[in-house]
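# Structure at a glance
The residues making up each chain are set out below.
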Amino acid sequence: MPTLIFAANWKMNQAPAAATAFVRAFTDQYVRRQDRRVLFFPPAVSMYAVVQGLRDRSDLEVGVQNIHWEDQGAFTGETSGPLAHAAGARHVLVGHSERRHLFGETDEETAKKISSAFRAGLTPTLCVGETLTQREAGETIAVVQRQLRAALAGVAAPILTSAIVAYEPVWAIGTGRTATPADASEVHLAIRAELRAIAGELGAAIPILYGGSVNRSNVQSLLAAPEVQGVLVGGASLDAEQWCAIVGGS
Ligand code: 13P
């Protein structure tokens, strides 16, 4: 049975008390299923609250939304992989489009963060995706290939197999515009081909998630599309009932 991944990116929402209440509401309703993994990416200040709230649920996993590539030192405002791991994180988002486009994160920085994540024992979810201008110029595949290669090509294939990739077209994030399942699949197939080019046959095992305005109404059709192994959800993951419906759907 294939394992589906449902990842909640709370972005800059949910203070510790709200995160605790959310996790309680979710765990009251959601019963463990062998065919799916559920990941939470709360803001760093709320991560410990989520870790505590989920300590009896080994089927529910927690991560941070970003790390610095250095392990420690004078980097005011930053969180390192080892610090996040020590606080209970087992995952990290790398190269989210908001990091790339709002904070100027470069391909070189995503590469450094990927190696730092592996060094710290965190599973990186590398986010890739094109802007609307790039899509309209026919550059979608070239953009995601460049982002994948820049971030992953330096990592040994056996290590890479524990990574996750998320395709998030920038024009679909927070806009209510979703890629059609066919659009998503076309890019996921190209991502799969690139992962095989980078990691050989081991590249076939890396899960590829879709993200961008996923909600309870469109999630099933996206998950049914070829090469979509899960979803990375922003806005619709902030409501415990909707998140439960997304994760618990058949
Ligand atoms: P939305 O689901 O709000 O469009 O956000 C997607 C996203 O960026 C998840 O990382």
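First things first, this report covers the structure right here in the doc. Quick caveat: nothing in here was measured; it's all calculated off a predicted structure. (Residues numbered from 1 in each chain as written. Predicted model: local features only at pLDDT ≥ 70, side-chain atom pairs only at ≥ 80, totals over all residues. Heavy atoms only, no water.)

A full pass over the atoms with the stated rule returns 14 salt bridges. With a closest N to O distance of 2.9 Å, R119 and D71 form a salt bridge. Of this pair, R119 sits in helix α5 (residues 107–120) while D71 sits in the loop between β3 (60–64) and α3 (81–86), and the two are 48 residues apart along the sequence. By relative accessible area, which is 52% here, R119 ends up exposed. Residues R192 and E227 are paired through a salt bridge, measuring 3.1 Å at the closest nitrogen-oxygen approach. Here E227 lies in the loop between α10 (219–223) and β8 (230–233) and R192 lies in helix α9 (residues 181–199), a separation of 35 residues in the sequence. Here the salt bridges do not stand alone but share partners, grouping R33, D35 and R36 into one network. (Salt bridge = Lys/Arg side-chain N within 4 Å of Asp/Glu carboxyl O. Helix = DSSP H or I, 4+ residues; strand = E, 2+ residues; numbered from the N terminus. Buried < 20%, exposed > 50% of the residue type's maximum accessible area, 1.4 Å probe, protein only.)

Now for the nonpolar core. F26, F40, L152, I191 and W243 are the most contacted members of the largest nonpolar core, which totals 65 residues. Sorting elements by how many residues they give to this core places α9 first, with 6 residues. (Core = buried A, V, L, I, M, F, W, Y, C linked by side-chain atoms within 4.5 Å.)

To continue, consider unusual backbone geometry. With a phi angle near 80°, Q14 is a residue other than glycine that sits in the positive phi range. Residue classification places Q14 among the buried residues on the basis of a relative accessible area of 17%. In the Ramachandran plot, S213 falls in the positive-phi region, its phi being about 55° despite a non-glycine side chain. With respect to the helices and strands, S213 occurs in the loop between β7 (208–211) and α10. Using a relative accessible area of 18% as the deciding quantity, one classes S213 as buried.

Turning our attention to the site of the ligand. Not every one of the 13 residues close to the ligand is listed here, only the nearest: K11, H96, G174, S213 and G235. Contact distances for the ligand include 3.0 Å between an oxygen atom and a side-chain N or O atom of N9. In this structure, an oxygen atom belonging to the ligand sits 2.8 Å away from a side-chain N or O atom of K11. Taken by itself the ligand offers 310 Å² of open surface, and the protein chains cover 95% of this. One can see that the ligand is located within the second largest pocket. Partitioning the shell around the ligand into residue classes produces 4 nonpolar, 7 polar and 2 charged. (Near = heavy atom within 4 Å. Polar contact = N/O pair within 3.5 Å; in protein donor to acceptor, adjacent residues only side chain to side chain. Areas by Shrake-Rupley, 256 points an atom, 1.4 Å probe, with all protein chains shown as cover. 1 Å grid on protein atoms, 1.4 Å probe; cavity = no way out; pocket = protein on both sides within 12 Å on 5 of 7 lines; lining within 4 Å. Sits in = over half its atoms within 2 Å of the grid points. Nonpolar A, V, L, I, M, F, W, Y, C, P; charged D, E, K, R; others polar.)

Below, the discussion takes up helix α11 (residues 240–248). Residues A240, Q242, W243, C244, I246 and V247 constitute the buried set of α11. Considering only its buried residues, α11 is in contact with β1 (4–9), α1 (16–29), β2 (36–41), α10 and β8. (Contact = heavy atoms within 4.5 Å.)

Counted according to the given criterion, the structure contains 7 aromatic pairs. With a centroid separation of 6.4 Å and an interplanar angle of 70°, the aromatic rings of F40 and W243 are classed as edge-to-face. Highlighted residues: F40 in strand β2 and W243 in helix α11, separated in sequence by 203 residues. For F40, a relative accessible area of 0% gives the class buried. Among the residues examined, W243 registers a relative accessible area of 0% and is labelled buried. Grouped by ring-pair contacts, the aromatic residues W10, F22, F26, Y30, F40 and W243 constitute a single cluster. (Phe/Tyr/Trp six-rings, centres within 6.5 Å; stacked < 30°, edge-to-face > 60°.)

To continue, consider helix α2 (residues 44–53). Among all positions of α2, only S46, M47, A49, V50 and V51 are buried. Residues of α2 that are buried make contact with α1, β2, β3 and α3.

With that settled, the discussion passes to the sheet that holds β7. Reading around the barrel, the 8 strands line up as β1-β2-β3-β4-β5-β6-β7-β8 and close back on themselves, with parallel pairing between neighbours. The sheet shows a mean angle of 25° between the axes of neighbouring strands, direction not considered. Sheet topology places β1 next to β8; 4 bridges connect them, and they run parallel. Each bridged residue has a counterpart across the sheet, and for A7 the counterpart in β8 is L232. Of the strands in this sheet, β5 (123–128), β6 (164–167) and β7 are in contact with α9, which crosses β7 at around 145°. (Pairing = 2+ DSSP bridges. Axes fitted to C-alpha atoms, helices over the stretch in contact; angles between N-to-C directions.)

Coordinates in, geometry out; function isn't part of it.
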